[in-house]
Amino acid sequence: MNQETEKKVAELLFQQREDGFERASFDREIAFYESIGTGNMEMMRFFAASLFCEGCGVLSKDALRNLKYHLVVTAALIARFCIRYGMTPETAYHLSDLYIMRADECRTETEVRAVHKEMLEGYTRKMQRVRNSKVYSKQIVKTIEYISEHLHSRILLSDVAEHLEISEAYLSRLFKEETGMAFSDYVSQQKIEAAASLLRYSDYSDSEISSLFCFSSQSYFIKVFRKHMGMTPKSYKKQYRMPELEQHQELSPETAA
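None of the values given here were measured: they were computed from a predicted structure. (Residues numbered from 1 in each chain as written. Predicted model: local features only at pLDDT ≥ 70, side-chain atom pairs only at ≥ 80, totals over all residues. Heavy atoms only, no water.)

**Considerations on the overall build of the protein chain**
Which entries qualify depends on this criterion: Going along the chain from the N terminus, every DSSP run of H or I of four or more residues is numbered as a helix, and every run of E of two or more is numbered as a strand. Burial classification: accessible surface area is computed with a 1.4 Å probe over protein chains only, and a residue below 20% of its type maximum counts as buried, one above 50% as exposed, and the rest as partly exposed. Contact criterion: two residues are considered in contact whenever any of their non-hydrogen atoms come within 4.5 Å of each other. Surface accessibility in these figures is a Shrake-Rupley result with a 1.4 Å probe; residues are shielded only by whichever protein chains are displayed.
Looking only at helices and strands, one finds 15 helices and zero strands in the protein chain. Counting over 257 residues, the protein chain shows a buried share of 39%. Restricting the contact set of the protein chain to residue pairs at least 6 apart, pairs at least 24 apart contribute 64%. Working note: accessible area of the protein chain is about 15200 Å², and carbon and sulfur atoms make up 50% of it.

**Focus: unusual backbone geometry**
Despite not being glycine, Glu-165 has its phi angle at roughly 60 degrees, a positive value. Secondary-structure assignment places Glu-165 in the loop between α8 (157-164) and α9 (168-179). Taking relative accessible area as the criterion, Glu-165 reaches 72% and is therefore assigned exposed. One non-glycine residue with positive phi stands out, namely Cys-214, at about 60 degrees. Along the chain, Cys-214 falls in the loop between α11 (206-212) and α12 (218-229).

**Considerations on a nonpolar patch on the surface**
Rules: Only residues whose relative accessible area exceeds 30% and that form no salt bridge are eligible for patches; like-charged ones are grouped when within 9 Å, while nonpolar side chains (Val, Leu, Ile, Met, Phe, Trp, Tyr) are grouped when within 5 Å. Salt bridge criterion: a side-chain nitrogen from Lys or Arg within 4 Å of a carboxyl oxygen from Asp or Glu.
On the surface, Leu-59, Tyr-69, Val-73 and Leu-77 cluster together into a nonpolar patch covering about 320 Å² of accessible area. Note on placement: Val-73 falls in helix α4 (residues 63-84).

**Overview of the side chain of Ser-35**
The residue Ser-35 is located in helix α2 (residues 26-37) in this model. Among all residues touching Ser-35, those that are not within four sequence positions of it are Asn-40, Met-43, Met-44 and Thr-124.

**Quick notes on the environment of Tyr-220**
If you trace the backbone, Tyr-220 turns up in helix α12. For the pair Tyr-220 and Ser-210, spaced ten residues apart in the sequence, the C-alpha separation amounts to 8.6 Å.

**Examining the environment of Ser-35**
On the basis of relative accessibility, which here comes to 5%, the residue Ser-35 falls in the buried class. The sequence separation of Ser-35 and Arg-45 amounts to ten residues, and the corresponding C-alpha distance is 8.9 Å.

**Notes on the packing of aromatic side chains**
Note the threshold: Two aromatic rings, drawn from Phe, Tyr or Trp (for Trp, its six-membered ring), form a pair once their centres lie within 6.5 Å of each other, and the interplanar angle then sorts them: stacked below 30 degrees, edge-to-face above 60, tilted otherwise.
For the coordinates displayed, the defined rule picks out eleven aromatic pairs. Consider the rings of Phe-46 and Tyr-204, whose centres lie 5.7 Å apart with planes at 50 degrees: the pair is tilted. With Phe-46 in helix α3 (residues 41-47) and Tyr-204 in the loop between α10 (183-201) and α11, the pair connects residues that are 158 residues apart, well separated along the chain. Residue Phe-46 is classed as buried on the basis of its relative accessible area, which comes to 18%. Using a relative accessible area of 31% as the deciding quantity, one classes Tyr-204 as partly exposed. Ring centres 5.3 Å apart and planes at 70 degrees place the aromatic pair Phe-175 and Tyr-186 in the edge-to-face group. Of this pair, Phe-175 sits in helix α9 while Tyr-186 is found in helix α10, placing the two residues eleven residues apart along the sequence. With relative accessibility at 11%, the residue Tyr-186 sits in the buried group. Members of the aromatic cluster, joined through ring pairs, are Phe-215, Tyr-220, Phe-221, Phe-225 and Tyr-236.

**What to know about the pattern of salt bridges**
Within this structure, the stated rule accounts for eight salt bridges. Glu-121 serves as the salt-bridge partner of Arg-125, at 3.7 Å between the closest nitrogen and oxygen. One end of the pair is Arg-125 and the other is Glu-121, both in helix α6 (residues 109-133) and four residues apart, which spans about a single turn. Residue classification places Glu-121 among the buried positions, given a relative accessible area of 15%.

**Thoughts on the nonpolar core**
Put simply, the test is: For the purposes of this section, nonpolar cores are sets of buried Ala, Val, Leu, Ile, Met, Phe, Trp, Tyr and Cys residues that join through side-chain atoms within 4.5 Å.
One finds Tyr-123 and Phe-213 to be the most contacted residues of the largest nonpolar core, which totals 62 residues. No other element matches α10, which puts ten residues into this core. Not counting residues up to four positions away in its chain, the partners in contact with Phe-213 are Met-43, Leu-151, His-152, Ser-153, Lys-191, Ala-194, Ala-195 and Leu-198.

Below, the structure written as structure tokens:
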């Protein structure tokens, strides 16, 4: 790095400190990219932020160009996370190029944001298929996709069977044969894994998370969480919660009052 570049970096860092600028949470960002890589639609939507939001650096003084640059960066990172989780490099980079070219043709910020939203959901759905198609039949792949996209709802075997236009008994038997788990146990496991992410990366309380994932009661949520994670939500949060979230909560006006 030459002296002129070092000077500009120093000036930028100084200005950001003067303006009180803080980067977005790195751990939350990683959780966002991992949710795409694992094909988890619900958690992707939870961790997703606007294309250009608080905590994002300015890449261009032109607002439209700035959005496009941020989309390029996001596309590049998503492609690499998807490759890490099983997508072929050819497919990952082809999709990245496709979305970047589409964004380049946009003439308004609204159009760029629409491409961004389509890109996030497109990659996530693709990863659902990538991670499931190697092991499961088409019907079970669709079942797992349905579960992933309805984690915040009450998921019943009857609803999924109706969605797939097959009998409940057949779906129950096929699901157990291919996954090694009962349908209800798999749903609970997926909800608990998503709940664990919220305990680590968000300010939601146990009762709020219990309601968010439609558990019948907080006590039942705690019981199921302990079964799958080996500890209570409170213990899990204490052990794995991001330190910066604790600091944020301590400094917030609500907790200081």
